[in-house]
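Topology and contacts: notes
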Amino acid sequence: MLRIILILLFFAICSTCLVRPWFWKAVKRRELLKVGRTIGFTTEHWKFEITIEILTFVITFAAGIVLFISIGCRQNIYGVFPLIILCAFFQCLWDYQPIRFYIKMVIIMLLSAALWIQDGLSEIEIPLNNVESVPITATEENNDFNIKYFISNDKIKSLFKADWAEGPTYNNGKYIYLAKGRDLGYGVIVIDTDDYSEAKFIECNYEADVTELRHVYPTEKLEELYITCSDENIPYCLFAVAEKTWLLGKYDVTGYVMLNLQSGESQSFAEEDLPGFVINND
């Protein structure tokens, strides 16, 4: 949390006059409120202009809270591009500054936007996403057909009176749905391929979202892969951890993280050390 606060304070200050060299030159010369100064304050409107400075500080700070806490952006250069753009924009609000200053701010905004987009479009190759076979066909037992089929999200919502449901994903011999409802709560619904007669709801205390892991992995690129359940029906969300070798490079997977959706505990693994049920997609 301290890292987030320091980042927010830094960019909130950068959105105000406190980072303008000519502001401090005027303070040093005791000309801060001199009529016609080009530092953002004038004797006629200094109260209004100070109010604007305070608002830019608050807006930037609040925007950072949304980015880092609500959205779960990384707390490094790849996660602060929107704040850089915002600060440069706020610095352009003031009139009577040299034209070269506005040009610099526009270049900073365009460059930050380009790097932000490039980072978002960078591909991550994850071999664990590959599922070679899923048992959805009919089988014959003692001359009787046992039909195996998917249950739609709408059917899950109806059966469990959920507000929304998504899935299924297939892993470890189970079809797994995410569901949430006012009376139901949040959790996963599991249908075992060996027993299609029952769909089990498993309540979860933590959501399958990167925000649940940001306090443990503040700067890593986390890619949500899929929900998996152990043989004991303990639900986990599997994430890939990826890093860039250079600013414009692609992401390479360096490991995996399993988030226990009941306890909130997380564990990191190399691919070869993942539990068998995680990679059992047959």
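If you look at the biggest cluster of nonpolar residues, it comprises 20 residues, and the most contacted ones within it are Val-188, Leu-213, Leu-222, Ile-227, Phe-239 and Leu-261. Broken down by secondary-structure element, the contributors of at least two residues to this core are β4 (174-181), β5 (185-192), β7 (221-229), β8 (235-244) and β9 (251-260). Aside from chain neighbours lying at most four places away, what touches Val-188 is Ile-176, Tyr-177, Leu-178, Lys-200, Phe-201, Ile-202, Cys-204, Ile-227, Cys-229, Pro-235 and Leu-261. Counting 18 residues, the second largest nonpolar core, distinct from the first, contains Phe-81, Tyr-236, Phe-269 and Val-278.

By the secondary structure assignment, Phe-239 is in strand β8. Considered as a pair, Phe-239 and Ser-268 are 29 residues apart in the sequence and their alpha carbons are 9.3 Å apart. Ignoring anything within four residues of it in the chain, the contact list for Phe-239 reads Ala-208, Asp-209, Val-210, Leu-213, Leu-222, Glu-223, Glu-224, Leu-225, Gly-255, Tyr-256, Val-257 and Leu-259.

Let's shift gears to the sheet that holds β7. Pairing is antiparallel in the open sheet, where 4 strands are placed in the order β7-β8-β9-β10. Both edges of this open sheet fall to β7 and β10 (266-269), since each of them pairs with a single strand only. Within this sheet the neighbouring strands show an average axis-to-axis angle of 25 degrees, counted without direction.

Looking at where Pro-168 falls in the secondary structure, it is placed in strand β3 (residues 164-171). Looking at Pro-168, the relative accessible area reads 29%, which means it is partly exposed. As a C-alpha pair, Pro-168 and Tyr-226 span 58 residues in sequence and 10.0 Å in three-dimensional space.

So, how was this worked out
- Residues numbered from 1 in each chain as written.
- Predicted model: local features only at pLDDT ≥ 70, side-chain atom pairs only at ≥ 80, totals over all residues.
- Heavy atoms only, no water.
- Core = buried A, V, L, I, M, F, W, Y, C linked by side-chain atoms within 4.5 Å.
- Buried < 20%, exposed > 50% of the residue type's maximum accessible area, 1.4 Å probe, protein only.
- Helix = DSSP H or I, 4+ residues; strand = E, 2+ residues; numbered from the N terminus.
- Contact = heavy atoms within 4.5 Å.
- Pairing = 2+ DSSP bridges.
- Axes fitted to C-alpha atoms, helices over the stretch in contact; angles between N-to-C directions.

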